[in-house]
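# Reading the structure
Each chain, letter by letter, is given below.
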Amino acid sequence: MQQPCVDPKPQTLLREGSLRSRIEIVRTADFGLPIAGLTTDDVHATCPRDPGVPMGRRHDSSAVVQPLIRGRVASAADAPRIGLALGGGFARGIAHAGVLKVFERHGIPLHCITGVSAGAIVAAAYASGTDAEEIARVGCSMRFKDVARWRICRMGFMGSDRMKQFLSGVLKTHRFEDMPTPLGVLATDLCTGEPVSFRDTGDVFLPVRASCSYPGLFQPVATGGRLLIDGAMSVEIPAVLARELGATHVISVAVPAPPLCRPPADVFQVVRRCFQIMQRHSESAWRNASDLVLTPDLKSIEWNGFDAGKELVNAGEAAALAALPVIRSWFADMNAAASQERTALAASGMLPLVPST
């Protein structure tokens, strides 16, 4: 596999015999250490985020990462807590299962998982304890009718009440407080336009249904005096929510619809294109909250391409495999920092110098 070149611009990586995927390193690890395996000419540092400062846009440092980094040294307590944030994309969201398969296979631990729209379904299933292989199997066999039915009214063409039955067969537990892995789901308040987050306690079915309620197609979900629609209308990828759940390192997975190469041919393509334009102008917030952005190469598979499930899973796997060196470097950096800290303490006489295990 070609070594990733880290640059402010997205990079394309090629794996022999696999699909082409894009991996973008948004910023270095919070504890400010260089990424293993890359030269100082390959990586540009970003300023470590002060946890006491509200999350905002982080500006690139003009300095190049050097073998010795100024700033705080990580301790053993700074083990990376990885949060996985999954975006929406209808059938294209099946690619998320491929990412999870690679993480499971290579022992990448997840501190928490968040999702919007199709990503909310995958996130809820995985958080409940369903393994990635089963999620992939279900994703490859599902069809649109499994989660929706025609029920035309003034608010939309389809109802999502079938989704509860579908989720019941995929999730191993149905409440946030019972999830083995902390889960966050985002929907959008149709009246205010603000994101509405669900986490910690309560039923999972309704938030996932709300997060999947693509406006115009699905009818909004009413709850607590609110009308809720697709979470991707306010936040394309819930990276900030993963931070709020305690993640120190956030991996965002984007599976946007393929670009339109010709003028829209029907009302659904018009609406979809409008949302693409809107999201492109608002993506800086979730990118600023991400350490790593994966964009599986899904070719021209459309939003309803459920019959391409296997190809979607393979694309997700290829993207995750390309990202493994960077993810592993976070843990390598933590181990190196812990060793340095131990050596410094021993030199000061505060700790006996013994080999690390």
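Before any of the text, the structure's been laid out above.
Attention in this report is confined to the structure presented alongside it.

Cut-off values and rules
Residues numbered from 1 in each chain as written. Predicted model: local features only at pLDDT ≥ 70, side-chain atom pairs only at ≥ 80, totals over all residues. Heavy atoms only, no water. Helix = DSSP H or I, 4+ residues; strand = E, 2+ residues; numbered from the N terminus. Contact = heavy atoms within 4.5 Å. Areas by Shrake-Rupley, 256 points an atom, 1.4 Å probe, with all protein chains shown as cover. Core = buried A, V, L, I, M, F, W, Y, C linked by side-chain atoms within 4.5 Å. Buried < 20%, exposed > 50% of the residue type's maximum accessible area, 1.4 Å probe, protein only. Phe/Tyr/Trp six-rings, centres within 6.5 Å; stacked < 30°, edge-to-face > 60°. Arc of directions from axis to C-beta. Pairing = 2+ DSSP bridges. 1 Å grid on protein atoms, 1.4 Å probe; cavity = no way out; pocket = protein on both sides within 12 Å on 5 of 7 lines; lining within 4 Å. Points joined across faces, edges and corners; volume = space filled by probe spheres on them. Nonpolar A, V, L, I, M, F, W, Y, C, P; charged D, E, K, R; others polar.

### A few points about the overall build of the protein
A tally of regular secondary structure across the protein gives 9 helices and 15 strands. Residue pairs at least 24 apart in sequence account for 72% of intrachain contacts in the protein once pairs closer than 6 positions are excluded. Summed over all atoms, the accessible surface of the protein reaches about 16900 Å², with 55% contributed by carbon and sulfur.

### Looking at the nonpolar core
Judged by nonpolar contacts, the single largest core of 67 residues is most densely connected at Phe103, Leu183 and Val208. No other element matches helix α9 (residues 309-347), which puts 11 residues into this core. For phenylalanine 103, the residues in contact, after removing those within four places along its chain, are Leu84, Ile108, Leu110, Ile251, Ala320 and Ile327.

### Observations concerning the packing of aromatic side chains
What the rule picks out here adds up to 1 aromatic pair. Measuring from centroid to centroid gives 5.2 Å for phenylalanine 90 and tyrosine 214, while their planes differ by 65 degrees, and the two rings are edge-to-face. Here phenylalanine 90, found in the loop between β5 (82-86) and α1 (95-105), pairs with tyrosine 214, found in the loop between α5 (205-211) and β11 (216-218); they are 124 residues apart in sequence, far enough to count as distant. Across the pair, tyrosine 214 and phenylalanine 90 agree in class, each one buried.

### Description of helix α4 (residues 162-170)
Of the residues making up α4, those classed as buried are Met163, Phe166, Leu167 and Val170. For α4, the arc enclosing every buried residue in end-on projection is 95 degrees, short of the 170-degree limit, so these residues lie on one face. Along α4, exposed side chains directed more than 90 degrees from the buried face belong to Gln165 and Gly169.

### Details of unusual backbone geometry
Non-glycine residue phenylalanine 90 carries a positive phi angle of around 55 degrees. Classification of phenylalanine 90 as buried rests on a relative accessible area of 18%. Despite not being glycine, aspartate 200 shows a phi value in the positive range, around 75 degrees.

### Digging into the side chain of serine 211
Structurally, the position occupied by serine 211 is in helix α5. Since its relative accessible area comes to 0%, serine 211 is described here as buried. Other than its neighbours up to four places away in sequence, serine 211 contacts Gly115, Val116, Ser117, Ala120, Val185, Leu186, Ala187, Ile229, Asp230 and Gly231.

### Some words on the pairing of strand β15 (residues 292-295)
Side-chain alternation along β15 places Leu292 and Leu294 on one buried face and Val293 and Thr295 on a second face that is also buried. Bridging between strand β14 (residues 249-253) and β15 involves 3 bridges; their strand directions are parallel. When the sheet's bridge partners are listed, serine 252 is paired in β15 with valine 293.

### Quick word on empty space enclosed by the protein
Going through the model one piece at a time under the given rule, you end up with 2 cavities of 30 Å³ or more. Quantified by volume, the largest cavity comes out at close to 300 Å³. Surrounding the largest cavity, 22 residues form its lining, Phe90, Ala118, Ile121, Met142 and Phe306 being those nearest its centre. Among the elements of the structure, α2 (118-127), α3 (132-141) and α4 are those that each provide at least two residues to the lining of the largest cavity. Ranked by residues supplied to the lining of the largest cavity, first place goes to α2 with 4 residues. Residues belonging to the lining of the largest cavity are distributed by class as follows: 19 nonpolar, 3 polar and no charged.

The values are spatial; any link to function lies outside them.
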